Amino acid sequence: MSGLSRRTLSLLGVTVLAAALAIYALQSGNGRLEDEFEPRLMFPELATRGDDVARIVVSANKDQFEIERRDGAWLLPARDGFPASPNVVRNTILSLSRMQLVERKTALAERHQTIGLVAPAAGGDAVEIALQDEAGSVLAALLVGNVERGGGSGQDSTYFVRYPGDDQTWLARTTLQVEDDVVDWLDRNIVSITRDEIQSVRISLPNAQPYRLERPSFDVTDFSLAEIPEGRTPMPAFTLNATAFALAGLSITDVKKVADIEFSDPVKVSCRTFDGVLIDIELVKSGEDRWMRLTATEAGADQVSDQGSELTADIEESAPQEPIGSETSDDESATEDAVLASANEDAGLSARIAALNQRVSGWAFQIPAFKYDQLAKPLEDLLEPLDETGGSAP
């Protein structure tokens, strides 16, 4: 091969390489190499204006809804003003204020579909999120597309994003969890009861024998079946516990005004805590859904276990009764302190009950089907099956 041919081939190779680099840069939407891009905040002013956010507007191809701040509380108009999760709201605003653009991508509109960035208004799969102040001015807005690299809860993920009205796309690093369904914004923690708090559960199904599961103290792990039918044997403890503990950590899946759900012939559940809260629940089926409504009251004195209080009646009963007008003894002072502490506990209990009723009054809550099944078990499901002689099988 002649020297001229080799020089020609070398020049051709350089030209092809330069053209390839130019095409790559142009497809990315800029005229320089990607490694020259300096990461930056997508919304640099939001860090100082997070407290000004009064409305969050979420638009997806299946729905559009808003989360509004009213009198300091975040509410969901699409659910008749039911409270939104403060954690989801806070994490959304905080994540957007910290979101970083880390790489410039394509500016070609025809490529938006492949990375999920066609706007929902145009029938696309992107999720549009806008933060507004009280006057309706937009503080931050973006379209979120496909995940380029996913992270766990609280960890960074990388999404394809773009500003509304701008074809330029970016890779953004963020802890944002894209919640595009209104139920994802619900304050789901309605009944804040732990397993240790539950003393007993009474369950009554329509046209069936009611029963009660109970335990003497919170340090006893397993529940027992009260009033076992003659000749029958209860199922193992883990079966009884599944029903008794069903309310612990209960998370709702949707909410409606209670007048919108028919609560005829409900399953009735009464849950009593060691500190004296009595929660009465009604459960019904509505098509494929399961709904509940509930109220809280203070259990009667004969219904409350001593385990619910660090101070018991023994303190007061054991204190000597001094004659009227005598000097205050140490024992009498201890008794007065105990009475005062007991009054403070009663006030705390009343406040807890009032707060629970304020959250649930007027609402019906959708719950998972498996939770309904745990709470609506007939007594027979908690007893060992009968053998051929009519007794419980061994």
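Residues numbered from 1 in each chain as written. Predicted model: local features only at pLDDT ≥ 70, side-chain atom pairs only at ≥ 80, totals over all residues. Heavy atoms only, no water.

Some points on the overall build of the protein chain
Argument step 1. Scanning the protein chain for helices and strands turns up six helices and 18 strands.
Argument step 2. Of all 394 residues assigned to the protein chain, the portion counted as buried reaches 38%.
Argument step 3. Across the protein chain, contacts joining residues at least 24 apart in sequence account for 63% of those joining residues at least 6 apart. (Helix = DSSP H or I, 4+ residues; strand = E, 2+ residues; numbered from the N terminus. Buried < 20%, exposed > 50% of the residue type's maximum accessible area, 1.4 Å probe, protein only. Contact = heavy atoms within 4.5 Å.)

Focus on the pairing of strand β16 (residues 277–286)
Argument step 1. Counted residue by residue, β16 has seven buried out of ten residues, so it is predominantly covered.
Argument step 2. The pairing of strand β15 (residues 267–273) with β16 spans six bridges and is antiparallel. When the sheet's bridge partners are listed, V269 is paired in β16 with I281.
Argument step 3. In this structure, the hairpin formed by β15 and β16 is closed by a connection of three residues, where G276 is found at a positive phi of approximately 105°.
Argument step 4. Where β16 lies against strand β17 (residues 289–298), ten bridges are found, and the strand directions are antiparallel. (Pairing = 2+ DSSP bridges.)

As for the packing of aromatic side chains
Argument step 1. Evaluation of the coordinates by the stated rule reveals six aromatic pairs.
Argument step 2. Centre to centre, the rings of F65 and W185 are 6.5 Å apart; their planes meet at 65°, and the pair counts as edge-to-face. One end of the pair, F65, is in strand β3 (residues 64–70); the other, W185, is in the loop between β10 (170–174) and β11 (198–204), with 120 residues separating them in the sequence.
Argument step 3. Looking at F65, the relative accessible area reads 2%, which means it is buried.
Argument step 4. With relative accessibility at 2%, the residue W185 sits in the buried group. (Phe/Tyr/Trp six-rings, centres within 6.5 Å; stacked < 30°, edge-to-face > 60°.)

A few points about the environment of V220
Argument step 1. Residue position: V220 is located in the loop between β12 (211–214) and β13 (224–225).
Argument step 2. By relative accessible area, V220 is classed as partly exposed at 29%.
Argument step 3. Considered as a pair, V220 and D196 are 24 residues apart in the sequence and their alpha carbons are 9.1 Å apart.

Here we look at the pattern of salt bridges
Where side chains of opposite charge bring their charged atoms close, a pairing between them can arise.
Argument step 1. In total, this model carries 16 salt bridges according to the counting rule given.
Argument step 2. One salt bridge connects E134 with R69, and the closest N-O pair in it is separated by 3.8 Å. Of the two residues, E134 is situated in the loop between β7 (127–132) and β8 (138–149) and R69 in strand β3; the sequence distance between them amounts to 65 residues.
Argument step 3. Note on E134: relative accessible area 66%, which makes it exposed. (Salt bridge = Lys/Arg side-chain N within 4 Å of Asp/Glu carboxyl O.)

With respect to empty space enclosed by the protein
Empty space among the atoms becomes apparent when a probe as large as a water molecule is rolled across them.
Argument step 1. Going through the model one piece at a time under the given rule, you end up with one cavity of 30 Å³ or more.
Argument step 2. If you add up the space inside the largest cavity, you get close to 40 Å³.
Argument step 3. Taken together, V58, T92, I129, Q177, V178, E179 and W185 form the lining of the largest cavity.
Argument step 4. Residues that form the lining of the largest cavity fall into these classes: four nonpolar, two polar and one charged. (1 Å grid on protein atoms, 1.4 Å probe; cavity = no way out; pocket = protein on both sides within 12 Å on 5 of 7 lines; lining within 4 Å. Points joined across faces, edges and corners; volume = space filled by probe spheres on them. Nonpolar A, V, L, I, M, F, W, Y, C, P; charged D, E, K, R; others polar.)

Thoughts on helix α3 (residues 237–244)
Argument step 1. Those residues of α3 that sit buried are T239, L240, N241, T243 and A244.
Argument step 2. Lining the buried residues of α3 we find β11, β12, β13 and α6 (369–375).

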